Amino acid sequence: MANKKIGVLVMSYGTPASLDDVEAYYTHIRRGNPPSPEQLKELKDRYEAIVGGVFPLRENTDNQVAGLQQKLNEHTAGSDVEFVCYQGLKHAYPFIEDGIEDMVKDGITEAVGIVLAPHYSIMSVGSYLKRARETSEKHGLNISYIESYHLHPQLIETLANRVNSKLEMFEETGATREQVRVLFSAHSLPERILSMGDPYRDQLLETSEAIAKRANVPSWQFTWQSAGRTAEPWLGPDVLDTMQELRDEQVKYVLVAPIGFVSDHLEVLYDLDIEAQELAQELDMRLMRIDSLNTDPLYMEVLADEVIRKSKEVHV
């Protein structure tokens, strides 16, 4: 019987639980400024356009958190340690602060924090950790944090497997691997992170290179997607602009590998599966994307391995 419980704060961006929650969600992202009726309609339309609407997006994260807890306790079966996972979302309930408060209520005294995003930026993962640290310190809860895991061998393995699987599908339709351009992508961030020495772009390129090498990809490049609509410049080029350039290069086959995302959500199911697909048809281009990780067993192993390693590092 386990007599030591270690909490795991599993953090992610969050999605609304239903269409009725979209306005509150969007207002939170906009730091308390409600969206205009036009902005709200556009976002709701995007959720309604994806298969199943908003609900599978929330379910994906719930399943990942449950899958991680199961995997962790498979590893510690028979020991005196039990891991208990708590969800903490950036822009929806349960918020990061709620997850920590739930740990405290349950008597957790030691915990590990991990974000469902392999690559670190002070503007993404860093902002999650900042909020978690502020709340945990207020409650006197000791949490150690994993900042990134972008080159974990099993992460590279499962992403390479996904790339290979789709390249084989292209080959079945008559295209050679050399004819397919693989576009590794991630969510864009404001350009100013580069002058800050932020590691985000470099980590993404390192992951891309490792996958390309493992999957023996002959032709690839990196691109960005889903940039915010603000006055300041964001990292580019955007995937839609890259596709236009590839048309000019007479590239007919494109495989998008959104390695910055670990589950199906709006930026994958709308920005790529709908918006980029529509452009591909206009350009007479065959476009596919790799399957998302979601609760892939190897991805669950990656997360469990990182959490166990961090817990041993701190609590030995």
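Residues numbered from 1 in each chain as written. Predicted model: local features only at pLDDT ≥ 70, side-chain atom pairs only at ≥ 80, totals over all residues. Heavy atoms only, no water.

**Concerning the UniProt feature "binding site: Fe(2+)" (unreviewed entry) in the protein**
Mapped onto the present numbering, the UniProt feature "binding site: Fe(2+)" (unreviewed entry) falls on H187 and E267. Spatially, the listed residues are clustered: although they cover 81 residues, their C-alpha atoms lie within 8.1 Å of one another. As for its placement among the helices and strands, H187 is situated in strand β5 (residues 180-187). By relative accessible area, H187 is classed as partly exposed at 23%. (UniProt positions renumbered as here; feature names shortened; annotations may be inferred. Helix = DSSP H or I, 4+ residues; strand = E, 2+ residues; numbered from the N terminus. Buried < 20%, exposed > 50% of the residue type's maximum accessible area, 1.4 Å probe, protein only.)

**Section: the sheet that holds strand β6 (residues 220-225)**
Pairing within the open sheet is parallel, and its four strands lie in the order β6-β5-β7-β8. A single partner strand is all that each edge strand has here, and the edge strands are β6 and β8 (286-289). For this sheet, the mean angle separating the axes of adjacent strands, direction not counted, is 30°. Here strand β7 (residues 253-257) runs beside β8; their pairing, made up of four bridges, is parallel. When the bridges of β8 are listed, V256 appears paired with R289. On the sheet, helix α6 (residues 153-172) packs against β5, β7 and β8 and is oriented at approximately 165° with respect to β7. Strand contacts of helix α11 (residues 271-282): β6, β7 and β8, with the helix running at about 170° to β8, the strand carrying the most contacts. (Pairing = 2+ DSSP bridges. Axes fitted to C-alpha atoms, helices over the stretch in contact; angles between N-to-C directions. Contact = heavy atoms within 4.5 Å.)

**Some thoughts on the UniProt feature "binding site: Fe-coproporphyrin III" (unreviewed entry) in the protein**
Summarizing the sequence annotation, UniProt attributes the feature "binding site: Fe-coproporphyrin III" (unreviewed entry) to Y13, R30, R46, Y47 and Y128 in the numbering used throughout. For this annotated set, covering 116 residues, the C-alpha atoms extend up to 25.5 Å from each other, a dispersed arrangement in space. Tracing the sequence through the fold places R46 in helix α2 (residues 37-49). Apart from the residues within four sequence positions on either side, R46 is in contact with R229, L266, Y270, D271 and E275.

**With respect to the side chain of K90**
Note that K90 resides in the loop between β2 (81-89) and α4 (96-105). As a buried residue without a salt bridge, K90 has its nearest oppositely charged side chain in E97, at a separation of 11 Å. Reaching out from K90, the side chain makes a polar contact with the side chain of S127 at a distance of 2.9 Å. (Lys, Arg positive; Asp, Glu negative; His and termini not counted. Salt bridge = Lys/Arg side-chain N within 4 Å of Asp/Glu carboxyl O. Polar contact = N/O pair within 3.5 Å; in protein donor to acceptor, adjacent residues only side chain to side chain.)

**Points about the domain arrangement of the protein**
Once the domains are mapped, the protein shows domain 1 (4-149 + 296-314) and domain 2 (153-289). A C-alpha centroid distance of 25 Å is found between domain 1 and domain 2. Summed over both sides, the interface of domain 1 with domain 2 buries roughly 2,300 Å², with 64% coming from carbon and sulfur. If you sort the residues of domain 1 by the area they bury against domain 2, R46, H119 and M123 come out on top, with a joint share of 29%. Its salt-bridge partner being D271, residue R46 comes within 3.1 Å of it at the nearest N-O pair. On the surface where domain 1 and domain 2 come into contact, there are eleven residue pairs in polar contact (both at pLDDT 80 or more). Those elements giving two or more residues to the side of domain 1 that touches domain 2 turn out to be α2, α3 (55-75) and α12 (297-315). (Domains from an automatic or database assignment. Buried area = accessible area lost by both parts, 1.4 Å probe.)

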